[in-house]
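# Examining the three-dimensional arrangement
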Amino acid sequence: MDERLITAAIVVFGVPAALVGYILATERLILALPERRQVRIRPWFWIAPALAFLIVFLIYPTINTLVLSFMDKASKSFVGLENYAWFFGDSGTLEALRNSVLWVVFMTAGVVALGLLVAILVDRVRYEPLAKTAIFIPLAISFVAAAIIWKFMYEFRPPGVEQTGTINAVVGLAGLGPVDWIRERSFLTDNFALIFIGIWMWTGFAMVILSAGLKSISTELLEAARVDGANEWQVFRGIILPLLTPTIFVVGTTIVITALKSFDIVWVLTNGAFGTDVIARKMVFEMFTVQHFGHASAVAIVLLVAIIPFMAVNIRRFREQEAIR
Amino acid sequence: MTARTEPIPSTAVAVRREARPRLGRFFLHAIVIGLMLVWLVPTVGLFINSFRPASDVASTGWWTSLLPPWDFTLANYEHVLNQNNLGDAFINSLFITIPSTVIPVMVAAFAGYAFAWMQFPYKNAIFVAIVGLLVIPLQSTLIPVLKLLAGAGISGEFLAVWLAHTGYGLPFAIYLLRNYMGGLPREVFESASIDGAGPATSFFRLALPMSVPVVASLAIFQFLFVWNDLLVSLIYIGPTRSENLPMTVVVANLVSSLGGETHFLTAAAFLTMALPLAVFLALQRYFVRGITGGAVKG
């Protein structure tokens, strides 16, 4: 404990000091060079630490994973497309792929729709900051904590016994249920129960960005439309929605990527059972539990390929922003 | 995003409110308050359950304990802190999170400044590549990075996760800092340069102090991301060095290992949430700015 505290202190104060020292020392070295070469060489020293980390932890590993996806279980010999044949021929992985598509479609639609609804509604009440904080809180907690929170929400007791889960108790008030939400073995209930946790966590994210976009629409424009007799729905369809479309797009791509990458909820609540597996969890499972690095790499590459179109969209949007900068 | 801080004149608000029919206002409040409840109740329910005796948690819903007789206890917290080593895991989470926040912010600040204010070949190409790296799934890096860390003899150590989190956090950190620093007024740097200040002086005396708001947003972001992370610690610390595991991994393991004693999970989950919730509620403004700054350019 004491030893770790010392290590931590060295890291927290030592690493920044070392980094500052690095810049000051290289600056000394650079000043010894002729002035023309100073300007050419300096930037590389400034970005070198960042580039080193990016290459070691992101670029090299991603390329290496691609190579490993053509190798066998222990990454010893080349097996061609065998791991991909396994991926597209195995009922378990195909089920995970289907569920990931469900996550992408419904989590994105749910988060964007609810985020937009909340952003528009809270704009009209005086307790807006309070309402926003309430919706936003789940974003600050971990997927693990959220999974446990909802484990208790979805708690199931057999019919006739007092329900301890909030949802089954509410459903019971209406004379329905009880439903074993995440273990029903009907892929719709199980998957949607899990996807809703994702929606609950990320709606605050969409709300914050859409709300900022909404407030940048001029109030004169909206008032003018209202004075001209437009009702609220026409104002929304005719002005708010078109002006917010680029922002909705930004939020949507972020949620799509989040939905594809998130494995924690499924890992904690069902561990892929009851027809709820997703490819992000499948990858970790194949690597960590089965220890088949060929399969795991192939799943990772499928995940990466699914994300690449959104990467391209991000880059194009960035270029457009730079053009108007 | 400058318009949002401008207050709407109070007369305009009054006109707006008057114009809306009373029934519409009723539904508006009903929907907003309903949504707030749906979003808060799960967390509140867990919080209340965490103070209830095991027998109560197993037999009745959390709402029944709102009425007297009140029977609350700290037994669940005592159990998870003493029996499941959550106290140690909390310290581990701090040990993992603080360096994993400090290092990437520093490294990204140098790079962000270089991308914003220095000229060098392939600058734009490299920055576009960083924008691309923003969305790389961690899954596509896990196996090679684990092999690298194991080869260096540090898998299982805190150092392994510090380095990995630095690498994973950098694309967003560089992106945010470069955009913010690039928006600082050019004249400030030009006049400093005329007065003989070198790039290091300009960075430490001007760019960094002027970027404090975005550095704060970034630090909170990275702090929450690392504190809430399950995957990186699960893989790079792993089961062999369980004494180094952070709370997320320990609590995720409890879900399967506790079996019937799930009431302890309530206290365990709340302990993992306590710090991020406190940080978030205290510094919400910076957190929101980080999100909006990262997604849409302000």
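The present account deals with the structure reproduced in this document.

### Digging into the overall build of chain A
Helices and strands together make up the secondary structure of chain A, namely 13 helices and zero strands. Listing each helix as α and each strand as β along chain A from the N terminus yields α-α-α-α-α-α-α-α-α-α-α-α-α. Since a compact globule built from 325 residues should have a radius of gyration of about 20 Å, the 25 Å found for chain A marks it as more spread out than a globular shape. When its C-alpha atoms are laid out on the principal axes, chain A stretches across 80 × 65 × 50 Å. A burial count over chain A gives 55% of its 325 residues as buried. Pairs at least 24 residues apart make up 62% of the contacts formed inside chain A by residues separated by at least 6 positions. Carbon and sulfur atoms provide 68% of the accessible area of chain A, an area that totals close to 14500 Å². In chain A, the 26 positive side-chain charges and the 24 negative ones have mean positions that sit 7 Å from each other.

### A look at unusual backbone geometry
The general pattern is negative phi for most residues beyond glycine and trans for most peptide bonds. All names here are of chain A. The backbone phi angle of Ser-75 is positive, close to 60 degrees, even though this residue is not glycine. Inspection of the secondary structure assignment puts Ser-75 in the loop between α2 (35–68) and α3 (82–89). For Ser-75, a relative accessible area of 15% translates into the label buried. With a phi angle near 60 degrees, Phe-274 is a residue other than glycine that sits in the positive phi range. Take Phe-274: it is sitting in the loop between α11 (264–269) and α12 (279–290). When its relative accessible area of 23% is taken as the criterion, Phe-274 is described as partly exposed.

### So, the interface of chain A and chain B
Counting residues at the interface gives 114 residues for chain A and 120 residues for chain B. Summing both sides of the interface, chain A and chain B together bury roughly 10200 Å²; the carbon and sulfur share of this comes to 78%. Our enumeration of links across chain A and chain B arrives at one salt bridge. With its nearest N and O atoms 2.9 Å apart, the salt bridge here joins Arg-178 of chain B to Glu-322 of chain A.

### Side note on the nonpolar core
Within the largest apolar cluster, 203 residues are counted, with the highest numbers of intra-cluster contacts made by Ile-174 and Tyr-236 of chain B. Per element, the largest residue contribution to this core is 16 residues, and it comes from helix α5 (residues 86–117) of chain B. With sequence-adjacent residues up to four places away left out, Ile-174 of chain B is seen in contact with Ala-50 and Leu-54 of chain A together with Ala-108, Ala-111, Gly-112, Phe-115, Phe-127 and Ile-130 of chain B.

### Examining the packing of α2 of chain A against helix α8 (residues 158–182) of chain B
Relative to each other, α2 of chain A and α8 of chain B sit at 115 degrees, their axes nearing to 9 Å. Note on packing geometry: the crossing formed by α2 of chain A with α8 of chain B is left-handed. Touching Ala-50, Phe-53, Leu-54, Phe-57 and Leu-58 of chain A of α2 of chain A are Leu-163, Ala-164, Thr-166, Gly-167, Tyr-168, Leu-170, Pro-171 and Ile-174 of chain B, all from α8 of chain B. Classifying every residue of the contact of α2 of chain A with α8 of chain B by side-chain character gives eleven nonpolar, two polar and no charged.

### Things to note about the pattern of salt bridges
Residues and elements named next belong to chain A. Here the structure, examined in full by the defined rule, presents twelve salt bridges over all chains. One salt bridge connects Asp-123 with Lys-215, and the closest N-O pair in it is separated by 2.6 Å. Here Asp-123, found in the loop between α4 (91–122) and α5 (128–136), pairs with Lys-215, found in helix α8 (residues 187–215); they are 92 residues apart in sequence, far enough to count as distant. Its salt-bridge partner being Glu-223, residue Arg-226 comes within 3.2 Å of it at the nearest N-O pair. Taken together, the residues span about one helical turn, with Arg-226 and Glu-223 both in helix α9 (residues 219–227) at a distance of three residues. The class for Arg-226 is buried, based on a relative accessible area of 17%. If you follow the salt bridges from partner to partner, you end up with Asp-123, Glu-128, Lys-132 and Lys-215 in one network.

Calculation criteria
Residues numbered from 1 in each chain as written. Chains lettered and ligands numbered in written order. Predicted model: local features only at pLDDT ≥ 70, side-chain atom pairs only at ≥ 80, totals over all residues. Heavy atoms only, no water. Helix = DSSP H or I, 4+ residues; strand = E, 2+ residues; numbered from the N terminus. Rg over C-alpha atoms; globule rule 2.2 N^0.38 Å. Buried < 20%, exposed > 50% of the residue type's maximum accessible area, 1.4 Å probe, protein only. Contact = heavy atoms within 4.5 Å. Areas by Shrake-Rupley, 256 points an atom, 1.4 Å probe, with all protein chains shown as cover. Lys, Arg positive; Asp, Glu negative; His and termini not counted. Charge placed at Lys NZ, Arg CZ, Asp CG, Glu CD. Buried area = accessible area lost by both parts, 1.4 Å probe. Salt bridge = Lys/Arg side-chain N within 4 Å of Asp/Glu carboxyl O. Core = buried A, V, L, I, M, F, W, Y, C linked by side-chain atoms within 4.5 Å. Axes fitted to C-alpha atoms, helices over the stretch in contact; angles between N-to-C directions. Left-handed = near helix turned anticlockwise from the far one by under 90°. Nonpolar A, V, L, I, M, F, W, Y, C, P; charged D, E, K, R; others polar.

Interpretation in functional terms is not warranted from these geometric data alone.
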